[in-house]
Amino acid sequence: MKQLRTNFLLMLVALVLGAILIVPGVATTLYRALRRWNNQTPSEYAAASFLAVALAIDRAGNVLCRDLFDMILVKKVGYPFGLWQDTISKVLGKNKELGALSWGGLWLANLLNAIDPNHVENAAND
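Right, let's walk through the structure included here. (Residues numbered from 1 in each chain as written. Predicted model: local features only at pLDDT ≥ 70, side-chain atom pairs only at ≥ 80, totals over all residues. Heavy atoms only, no water.)

Some remarks on the overall build of the protein chain
So, step 1. Assigned secondary structure in the protein chain consists of 6 helices and 0 strands.
So, step 2. Secondary structure elements in the protein chain, listed N-terminal to C-terminal, are α-α-α-α-α-α.
So, step 3. The C-alpha atoms of the protein chain give 17 Å as radius of gyration, which overshoots the globular expectation for 126 residues (14 Å, by more than 25%).
So, step 4. Viewed in the frame of its principal axes, the protein chain has a C-alpha envelope of about 50 × 45 × 20 Å.
So, step 5. Put simply, the protein chain has 126 residues, and 26% of those count as buried.
So, step 6. Residue pairs in contact within the protein chain that sit at least 24 positions apart in sequence constitute 42% of those at least 6 positions apart.
So, step 7. Surface summary for the protein chain: the accessible area is close to 8900 Å², and the carbon and sulfur share equals 68%. (Helix = DSSP H or I, 4+ residues; strand = E, 2+ residues; numbered from the N terminus. Rg over C-alpha atoms; globule rule 2.2 N^0.38 Å. Buried < 20%, exposed > 50% of the residue type's maximum accessible area, 1.4 Å probe, protein only. Contact = heavy atoms within 4.5 Å. Areas by Shrake-Rupley, 256 points an atom, 1.4 Å probe, with all protein chains shown as cover.)

Some thoughts on helix 4 (residues 88-98)
So, step 1. All of the buried residues in helix 4 are Ile-88, Ser-89, Lys-90, Val-91, Leu-92, Gly-93 and Asn-95.
So, step 2. Those residues of helix 4 hidden inside the fold are in contact with helix 2 (42-64), helix 3 (66-72), helix 5 (103-115) and helix 6 (119-124).
So, step 3. Just beyond helix 4, the residue with positive phi is Gly-99, at close to 70°.

Side note on the environment of Leu-92
So, step 1. Mapping Leu-92 onto the fold places it in helix 4.
So, step 2. For Leu-92 and Pro-80, which are 12 residues apart along the polypeptide, the C-alpha to C-alpha distance reads 9.5 Å.
So, step 3. Ignoring any residue separated from it by four or fewer positions in sequence, one finds Leu-92 in contact with Leu-73, Phe-81, Leu-101, Gly-105, Leu-108, Ala-109, Leu-112 and Val-120.

What about a nonpolar patch on the surface?
So, step 1. Residues Ile-22, Val-23, Val-26, Leu-30, Phe-50, Val-53 and Ile-57 make up a contiguous nonpolar surface patch of about 620 Å² in total accessible area.
So, step 2. Among the elements of the structure, helix 1 (2-35) and helix 2 are those that each provide at least two residues to the nonpolar patch.
So, step 3. Per-element accounting of the nonpolar patch gives the leading share, 4 residues, to helix 1.
So, step 4. The residue Ile-22 is located in helix 1 in this model. (Patch = residues over 30% accessible without salt bridge, like charges linked within 9 Å, V, L, I, M, F, W, Y side chains within 5 Å. Salt bridge = Lys/Arg side-chain N within 4 Å of Asp/Glu carboxyl O.)

Quick look at the pattern of salt bridges
Close approach of charged atoms lets side chains of opposite charge pair.
So, step 1. Per the counting criterion, the structure on display carries 2 salt bridges.
So, step 2. Close ionic contact of Asp-86 with Lys-90 constitutes a salt bridge, the shortest N to O distance being 3.2 Å.
So, step 3. Linking Lys-96 and Glu-121 is a salt bridge whose minimum nitrogen-to-oxygen distance equals 2.6 Å. Of this pair, Lys-96 sits in helix 4 while Glu-121 sits in helix 6; the two residues are 25 residues apart in sequence, bridging distant segments of the chain.
So, step 4. Assessed through its relative accessible area of 33%, Lys-96 is described here as partly exposed.
So, step 5. On the basis of relative accessible area, Glu-121 is assigned to the partly exposed category, the value being 24%.

Function cannot be read off these values alone, since they describe shape.
Shown next, in the form of structure tokens:
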């Protein structure tokens, strides 16, 4: 019971800090991207930063929404959402390979693939 309480409190602190700091943190990164002149161009720095942020949000979303995603993005038992090291794209790709995506999962996989060709397939193999 103590571990449950401790982990719940740690989660609450993380959520509150995230809600407070994410917007100013991203704004600071954008500002620094425009001002950075050392080993990278501003666009290289911003591109690398955006990818790192996207991956962090993606992994957090995979964990935070695992039960919801298992309910709405897959139609049968397949590769599970919720593993902290996986991205949503990886799980979608694994479930696409298994033929386990619901129409919502197919829609999301197709959207990601429209933005970045073969995105979920490539993520499944990473």
